[in-house]
Amino acid sequence: ETGVTQSPTHLIKTRGQQVTLRCSSQSGHNTVSWYQQALGQGPQFIFQYYREEENGRGNFPPRFSGLQFPNYSSELNVNALELDDSALYLCASSLYGAGQGTEAFFGQGTRLTVV
Amino acid sequence: GDSVTQMEGPVTLSEEAFLTINCTYTATGYPSLFWYVQYPGEGLQLLLKATKADDKGSNKGFEATYRKETTSFHLEKGSVQVSDSAVYFCALSDRGGTASKLTFGTGTRLQVTL
């Protein structure tokens, strides 16, 4: 059973650029969520994907977008990067419909620095 | 909306001391409650969970009880070790939501010294 893997682990981008982060979900999981964790803060929910469609979104602007592929892997895209986008981006996978309290498994995250 | 409030850190304890990290929540309905731990440079790992009132979650010597009357889920450990040094996050998932749509607190850093 493979865990949740994210790539790249670190990334430096310039303000105004675009970035794509990738996540491979745990084997058997069909739902992927993305979180933004600013330094010293708790993770903030960005959005969730299930069956290749967005299934809930947090308080993030439209320049944050995503995709889920048939193999349940996912991408997070951020356009027009701002300095405040600098954070650790976490991906979590779970099995939709497995019942309340089912564990979500997190990847190790991508550290994005916008300069 | 849903929210989680944790005691602010850092919490510094000597090895073998008793640990309490307070967590209270606000949610509509009956959420599931979780404690996650984040070691330096790593992602989040589930430490324990509880899905209904009066449930006690436990793992690795840590415990937390779902208290609906006080909307709390305080984390406790009787004797901490240096290896427990990490950041601890309290979180909830709404009963209508899915497992990976979580609301987190701001985290509490625990530092355990010899």
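In what follows, the accompanying structure is described. (Residues numbered from 1 in each chain as written. Chains lettered and ligands numbered in written order. Predicted model: local features only at pLDDT ≥ 70, side-chain atom pairs only at ≥ 80, totals over all residues. Heavy atoms only, no water.)

Turning our eyes to something else, we now look at the interface of chain B and chain A. At the junction of the two partners, chain B supplies 23 residues and chain A supplies 25 residues. Taken together, the two surfaces of chain B and chain A that pack against each other cover about 1800 Å², and 52% of this comes from carbon and sulfur. At the level of secondary structure, the elements contributing two or more residues to the side of chain B that touches chain A comprise strand 5 (32–38), strand 6 (44–50) and strand 10 (86–93) of chain B. The element contributing the most residues to the side of chain B that touches chain A is strand 5 of chain B, with four residues. (Contact = heavy atoms within 4.5 Å. Buried area = accessible area lost by both parts, 1.4 Å probe. Helix = DSSP H or I, 4+ residues; strand = E, 2+ residues; numbered from the N terminus.)

Residue and element names in this part refer to chain B. The sheet built from four strands is open, its strands ordered 3-9-8-7 with antiparallel pairing. Edge strands, defined here as strands with exactly one partner in the open sheet, are strand 3 (19–21) and strand 7 (56–59). When strand polarity is set aside, the average angle formed by the axes of neighbouring strands in this sheet is 15°. Sheet topology places strand 3 next to strand 9 (residues 75–77); three bridges connect them, and they run antiparallel. In the sheet register, Leu19 faces strand 9, and the bridge partner there is Lys77. (Pairing = 2+ DSSP bridges. Axes fitted to C-alpha atoms, helices over the stretch in contact; angles between N-to-C directions.)

This part covers the pairing of strand 5 of chain B. All names here are of chain B. In terms of burial, strand 5 is a largely internal element, seven of the seven residues being buried. Because side chains alternate across strand 5, one face comprises the buried residues Ser32, Phe34, Tyr36 and Gln38, and the other comprises Leu33, Trp35 and Val37, equally buried. As defined by bridge partners, strand 5 adjoins strand 10 across seven bridges and the pair is classed as antiparallel. Opposite Tyr36, over in strand 10, you have Phe89 as the bridge partner. Note: strand 5 against strand 6, six bridges, orientation antiparallel. Bridging from a neighbouring strand, Tyr36 pairs with Leu46 of strand 6. (Buried < 20%, exposed > 50% of the residue type's maximum accessible area, 1.4 Å probe, protein only.)

Core analysis: the largest hydrophobic core is formed by 25 residues, its most contacted members being B:Leu19, B:Trp35, B:Leu48, B:Phe73, B:Leu75 and B:Tyr88. Contributing elements (two or more residues each) for this core: strand 2 (11–14), strand 3, strand 4 (23–26), strand 5, strand 6, strand 8 (62–65), strand 10 and strand 12 (108–113) of chain B. Element by element, the count of residues in this core is highest for strand 10 of chain B, at four residues. Setting aside residues no more than four positions away along its own chain, B:Phe73 makes contact with B:Cys23, B:Leu33, B:Phe34, B:Trp35, B:Leu48, B:Lys49, B:Ala50, B:Ala64, B:Thr65, B:Tyr66 and B:Cys90. Core analysis: the second largest hydrophobic core is formed by 20 residues, A:Val4, A:Leu76, A:Leu81 and A:Cys91 among them. (Core = buried A, V, L, I, M, F, W, Y, C linked by side-chain atoms within 4.5 Å.)

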